[in-house]
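Chains, contacts and geometry: an overview
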Amino acid sequence: MKPVSGIYRIALKLLMNDKSKFTALLVGITFAVFLMVMMMSMFSGILARSCAPVYNIGAKVWVMDPAVNNTNSSIPMPDYILSASRSIPGVKYAVPLYFGSALLKLKDGTYQAATVVGLDDSTLFGRPEMIEGRIEDIFAENAFVVVKDAEFPKLENPKIGTEFEINDNRGTVVGIARAASSGLFGVPTLYTTYNRAITYIPSARFTTSYVLIEPKSDADIPGIQKAIAKLGYEALTRDQFVKKVSNFYTFKTGVGMNIMMMTAISFVVGLSISGQTFYTFILENIGKFGAMKAIGAKGNELIAMILAQAFVTSLIGYGLGVGAASTFIIIAKLRMPDYAAQLTFQTLGLALVMVMIIAGFSSYIGVRKVLQIQPFDIFRG
Amino acid sequence: MSEAAIIRANNLVKWFGEGEARTVAVKQASFEAHYGEMLYIVGPSGSGKTTLLSIISGILRPNEGSVVVEDHDLWSMTDDELADLRLNKIGFVFQDYHLFPRLTTLENVAIPLILKKMEWNEALKLAREYLEIVGLKDRAELQPVKLSGGEQQRVAIARAIAGKPDLLIFDEPTASLDGDTGRKIVEFVKSNILNEKRAIIIVTHDSRIYEFADRIMKMEDGKIVGYETNHFNEK
Ligand SMILES: Nc1ncnc2c1ncn2[C@@H]1O[C@H](COP(=O)(O)OP(=O)(O)O)[C@@H](O)[C@H]1O
Ligand SMILES: [Mg+2]
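Since this is a predicted model, take the numbers as computed values, not measurements. (Residues numbered from 1 in each chain as written. Chains lettered and ligands numbered in written order. Predicted model: local features only at pLDDT ≥ 70, side-chain atom pairs only at ≥ 80, totals over all residues. Heavy atoms only, no water.)

**Re the overall build of chain B**
Regarding its fold elements, chain B presents 6 helices and 10 strands. Expressed as lengths along the three principal axes of its C-alpha atoms, the size of chain B is roughly 50 × 40 × 35 Å. Here the contacts in chain B between residues at least 6 apart in sequence split such that 68% fall between residues at least 24 apart. With the model as given, the accessible surface of chain B reaches about 10100 Å², and the carbon-plus-sulfur share is 47%. Positive and negative side-chain charges in chain B, numbering 29 and 36 respectively, have mean positions lying 3 Å apart. (Helix = DSSP H or I, 4+ residues; strand = E, 2+ residues; numbered from the N terminus. Contact = heavy atoms within 4.5 Å. Areas by Shrake-Rupley, 256 points an atom, 1.4 Å probe, with all protein chains shown as cover. Lys, Arg positive; Asp, Glu negative; His and termini not counted. Charge placed at Lys NZ, Arg CZ, Asp CG, Glu CD.)

Here it is in structure tokens:
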């Protein structure tokens, strides 16, 4: 014998057999979930991409100008920062990284912007994983390694040996690398050596974009950060750098604010549609709930019924909304390799929390109403 | 009809509102209902019949007085205890039935059984038997709105007796039925639902059904003003 299961069954039948209310509730919640999930997926996609180089290079500590707020707009630092870094206690080694953009002229004469990463000549620290060719060939004349990401076709799908012009210098593809995660800016990425990068790509007085530091141990990091701060620069761990970039996009650009507002609006719309519909449903059935109370339903049984109605409906709406959003994202990715949205567990969790709040709110107003009923009023008609 | 009391009401007083606005709906009402009897409460509109009915069935708390149903002193019980007592001892037929329009007739009848935590299929099976008693077995899968008023009344009766109550309470059972249907239903209740182990209390002001009463209790202005015993019905 399964106790109390019957009242849940009654509760769900009461709601689901009311086709128009049930449909309105489902549409409201599904729509809200769809919008919230889309917004948040878009945002986490953008964040992940904006931080992609930080993960791809993989250094533990990044030294930069304090004004840098995203990887691609690095501010060149004087060379002495590199040598100063090397003499800080706790530093195992420190290497320079070039990070900038260049204009490529392709074989057919068209121009294409690209991100160029210059790896330290002696260590090749931050080297990518190769799909074709050997990383050592990066030392060959005019050598560049192309990353095979969503932007790869913009270089007309180059092969080893493909030639191009880069800022009026000759470039040759010597290898193809895997992209751990692709960037936000929709341009292809090329790797070369630090020295070739600073010679081929003209820059102002300073050339070092970042200094990458490998500490002797994690315990040395705070000391290193202090020493760098004394020089007027900033040393950030990978996570701190990611956080800084995320915060920049979240708070300093319109992207974060807009997406948060859209998410909040979807939430409020879902909340009011489902709250309103559910409240109407309860009001329409108030006499019936009163009759159940008179017959002998206890307060907590009525609460259980209302919770079942609100939460089961919300979970179905959540499932439909998440299903619709992921279908949308999958199709969009098939059609547009660049499409940035990504569905994360955090997004799913956050949307679930918001749906639970919607369900909680709806059932709260329902429960309040139902507990207020005096069965005596049922007799009085 | 035995003389054992199933319900004893003692000096019940109930008022609504305070100060100037206070109306005393029930004044010092005492009475008993006995096993096996069909007791009517009659009186003009506003005389306190519904209020009294609610107090004796554990739905409305009186300001003074006590109600004992079998061994239970109703108004010394908690809300949950009262709910259990109503579920197990008392069956209600409301004036406008209060059937759930989105459930089938059968599911409506099963509600008290489900509240008694009976397993779903078992509850439906038993509910079907009660529908058969009221002659609506073939209406089991229909929604109540598809039924006539008299049939809905029968569904409400089936639901009221499904919990095997000792006390059945009807509020104005014929108010929304035509004369003939109303009479037939009360006649049916008298001969099929009433038995020596239960009592039926009916609030009405429909004189066409007075002939089925064993006793008629008259109310005026919140007071019980007298009884009529229907000697015609006594064996
Ligand atoms: N909830 C209430 N609030 C205020 N007055 C009430 C309430 N319920 C009943 N009354 C008053 O109590 C009196 C008796 O009402 P009721 O028991 O419904 O009479 P009857 O059922 O005999 O028509 C009436 O004067 C009515 O207005
Ligand atoms: Mg009345």
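Having put the structure on the table, let's press on.
**Regarding helix α7 (residues 238-252) of chain A**
Residue and element names in this part refer to chain A. Over its 15 residues, α7 extends 20 Å from the first C-alpha to the last, a length consistent with the 21 Å expected when each residue adds 1.5 Å. When α7 is considered as a whole, its buried residues turn out to be Phe241, Val242, Val245, Ser246, Phe248, Tyr249 and Thr250. Lining the buried residues of α7 we find α2 (19-50), α3 (52-57), β1 (61-64), β9 (210-215), β10 (234-237) and α8 (254-284). (Expected span 1.5 Å × (residues − 1). Buried < 20%, exposed > 50% of the residue type's maximum accessible area, 1.4 Å probe, protein only.)

**Here we look at the nonpolar core**
Core analysis: the biggest nonpolar cluster contains 111 residues, and Tyr40(B), Leu52(B) and Ile56(B) have the highest contact counts within it. With sequence-adjacent residues up to four places away left out, Leu52(B) is seen in contact with Leu12(B), Val26(B), Ala29(B), Phe31(B), Ile41(B), Met217(B) and Met219(B). With 35 residues, the next largest nonpolar core counts Val117(A), Phe125(A), Ile138(A) and Leu212(A) among its residues. (Core = buried A, V, L, I, M, F, W, Y, C linked by side-chain atoms within 4.5 Å.)

**Here we look at the sheet that holds strand β7 (residues 167-171) of chain B**
Residue and element names in this part refer to chain B. Read across the sheet, 6 strands follow the order β6-β7-β8-β3-β9-β10 without closing on themselves; strand pairing throughout is mixed. On the outer flanks of this sheet lie β6 (90-93) and β10 (223-229), each paired with one strand and no other. If you compare each strand with its neighbour and ignore which way they point, the axes differ by 20 degrees on average. Pairing analysis gives 4 bridges linking strand β3 (residues 38-42) to strand β9 (residues 215-220), with the strands arranged parallel. By the bridge assignment for β9, Val42 is matched with Lys218. Running at roughly 80 degrees to β6, helix α2 (residues 79-89) makes contact with β6 and β7 of the sheet. (Pairing = 2+ DSSP bridges. Axes fitted to C-alpha atoms, helices over the stretch in contact; angles between N-to-C directions.)

**Observations regarding the site of ligand 1**
Around ligand 1 sit Phe376(A), Arg380(A), Phe16(B), Ala25(B), Pro44(B), Ser45(B), Gly46(B), Ser47(B), Gly48(B), Lys49(B), Thr50(B) and Thr51(B), and that is every residue in its neighbourhood. Separating an oxygen atom of ligand 1 from a backbone N or O atom of Lys49(B) is a distance of 2.9 Å. Protein burial of ligand 1: of its 560 Å² of free accessible surface, 70% is covered by the chains. Secondary-structure elements contributing two or more residues to the shell around ligand 1 are α12 (375-380) of chain A together with α1 (49-56) of chain B. Looking at the shell around ligand 1, the element that brings in the most residues is α1(B), giving 3 residues. (Near = heavy atom within 4 Å. Polar contact = N/O pair within 3.5 Å; in protein donor to acceptor, adjacent residues only side chain to side chain.)

**Quick look at the environment of Ala83(B)**
By the element assignment, Ala83(B) lies in helix α2. Through-space distance from the C-alpha of Ala83(B) to that of Lys14(B) is 21 Å; in sequence the pair is 69 residues apart. With residues near it in sequence (within four places) discarded, Ala83(B) still touches Gly296(A), Ala297(A) and Lys298(A).

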